[in-house]
Amino acid sequence: DVELSQTPTLNWLSSVGLTHREVQKLVSKFPSIFNYEVEKLKTTAQWLADIGMSEAQIVQAIVSVPNLLAYSLENKLKPTAQTLLDRGFTKSDIASMVAK
């Protein structure tokens, strides 16, 4: 059942702090979010927290750029962050950039 398969993702989005309206906006922009395992979404959100993003910044980033959750941590997000760190940016700088 399609609706049942979407429930874990919807529950996770709510648990992260997205409002019902934000979830609707995200799903309309990125319906393929349901193709990803909740564990992958959690791992990406945890990494965002690890670089210093607040819960509010994570919610803002997810709603603004929902496909951020689909990016590969190992092949895209971490290398990009490392490049920025190598060039003198701080984790706080990176968190601010992602949140915008």
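I will try to describe carefully the structure that is included in this document.

Structural notes on the overall build of the protein chain
Part 1: What the protein chain contains, in helices and strands, is six helices and zero strands.
Part 2: For the protein chain, the N- to C-terminal ordering of α and β elements is α-α-α-α-α-α.
Part 3: Rg of the C-alpha trace for the protein chain: 14 Å, near the compact-globule value of 13 Å for 100 residues, within the 12% margin.
Part 4: Its C-alpha atoms give the protein chain principal-axis dimensions of about 50 × 25 × 20 Å.

Examining the environment of lysine 91
Part 1: By secondary structure assignment, the location of lysine 91 is in helix α6 (residues 91-99).
Part 2: Sequence spacing of lysine 91 and tryptophan 47 is 44 residues, and the spatial spacing of their C-alpha atoms is 11 Å.
Part 3: When residues no more than four places from it in sequence are discounted, the contact partners of lysine 91 are Asp50, Ile51 and Leu85.

Structural notes on the pattern of salt bridges
Part 1: If you walk through the whole model with that rule in mind, you get two salt bridges.
Part 2: The partner of glutamate 39 in a salt bridge is lysine 42, with the nearest N and O atoms 3.5 Å apart. On the criterion of helical spacing, the pair formed by glutamate 39 and lysine 42 is a turn pair, its members being three residues apart in helix α3 (residues 38-50).
Part 3: What makes lysine 42 partly exposed here is its relative accessible area of 38%.
Part 4: Residue lysine 78 is joined to glutamate 74 by a salt bridge in which the shortest nitrogen-to-oxygen separation is 2.9 Å. Here lysine 78 and its partner glutamate 74 are both found in helix α5 (residues 73-86), four residues apart, which amounts to about one turn of the helix.

Here we look at the nonpolar core
Part 1: Ranked by internal contacts, the top residues of the largest apolar core, which has 29 residues, are Trp12, Leu18, Ile33, Met53 and Ile62.
Part 2: Where this core is concerned, the elements lending two or more residues are α1 (2-16), α2 (20-29), α3, α4 (55-64), α5 and α6.
Part 3: With near-sequence residues (within four places) excluded, methionine 53 lies in contact with Leu48, Ile58, Ala61, Ala95, Val98 and Ala99.

Examining the packing of aromatic side chains
Part 1: Within this structure, the stated rule accounts for one aromatic pair.
Part 2: A centroid spacing of 6.1 Å and a plane angle of 25° characterise the contact between phenylalanine 30 and tyrosine 36, whose relative ring orientation is stacked.
Part 3: Since its relative accessible area comes to 9%, phenylalanine 30 is described here as buried.
Part 4: Here the basic side chain of lysine 76 rests over the ring of tyrosine 71, its NZ or CZ set 5.3 Å away from the ring centre.

Examining the packing of α3 against α5
Part 1: Put simply, α3 and α5 touch, their axes get as near as 12 Å, and they point 5° apart. Classified by the angle their axes make, α3 and α5 are roughly parallel. When α3 is examined against α5, the residues Thr43, Thr44 and Trp47 are found in contact with a partner set consisting of Leu73, Leu77, Lys78 and Ala81.
Part 2: Its residues placed into classes, the contact of α3 with α5 shows four nonpolar, two polar and one charged.

Calculation notes
The written sequence of each chain sets the order in which its residues are numbered from 1. Predicted model: local features are reported for residues with pLDDT of at least 70 only, side-chain atom pairs are reported and counted for 80 or more only, and whole-chain, interface and lining totals are derived from all residues. Hydrogens and waters are ignored; side-chain quantities use all the structure's heavy atoms. We count a stretch as a helix when DSSP gives it H or I for four or more residues in a row; a strand needs E for two or more, and each element gets its number in order from the N terminus. Computation of the radius of gyration draws on C-alpha atoms, with the globule rule given as 2.2 Å multiplied by the number of residues to the power 0.38. Contacts were defined at the residue level, with two residues in contact if any of their heavy atoms lie within 4.5 Å. Every case where a carboxyl oxygen of Asp or Glu lies within 4 Å of a side-chain nitrogen of Lys or Arg is listed as a salt bridge. Note on classification: 1.4 Å probe, protein chains only; a residue is buried when its accessible area is under 20% of the maximum for its type, exposed when over 50%, partly exposed between these limits. Buried residues of nine kinds, namely Ala, Val, Leu, Ile, Met, Phe, Trp, Tyr and Cys, make up a nonpolar core once their side-chain atoms join them within 4.5 Å. Side-chain rings of Phe, Tyr and Trp, where Trp is taken by its six-membered ring, are said to pair if the distance between their centres is within 6.5 Å; with planes under 30 degrees apart they count as stacked, over 60 as edge-to-face, and otherwise as tilted. Two conditions define a charge located above a ring, namely a distance within 6 Å from the ring centre to NZ of Lys or CZ of Arg, and an angle within 35 degrees of the ring normal. Here an angle of 0 to 180 degrees is reported between the N-to-C directions of two axes, which are lines fitted to C-alpha atoms, with helices fitted over the stretch in contact. Relative orientations are named as follows: roughly parallel for angles under 35 degrees, roughly antiparallel for angles over 145 degrees, roughly perpendicular for angles from 65 to 115 degrees, and oblique for any other angle. Following the grouping adopted for this structure description, the nonpolar residues are Ala, Val, Leu, Ile, Met, Phe, Trp, Tyr, Cys and Pro, the charged ones are Asp, Glu, Lys and Arg, and the polar ones are all others, Gly among them.

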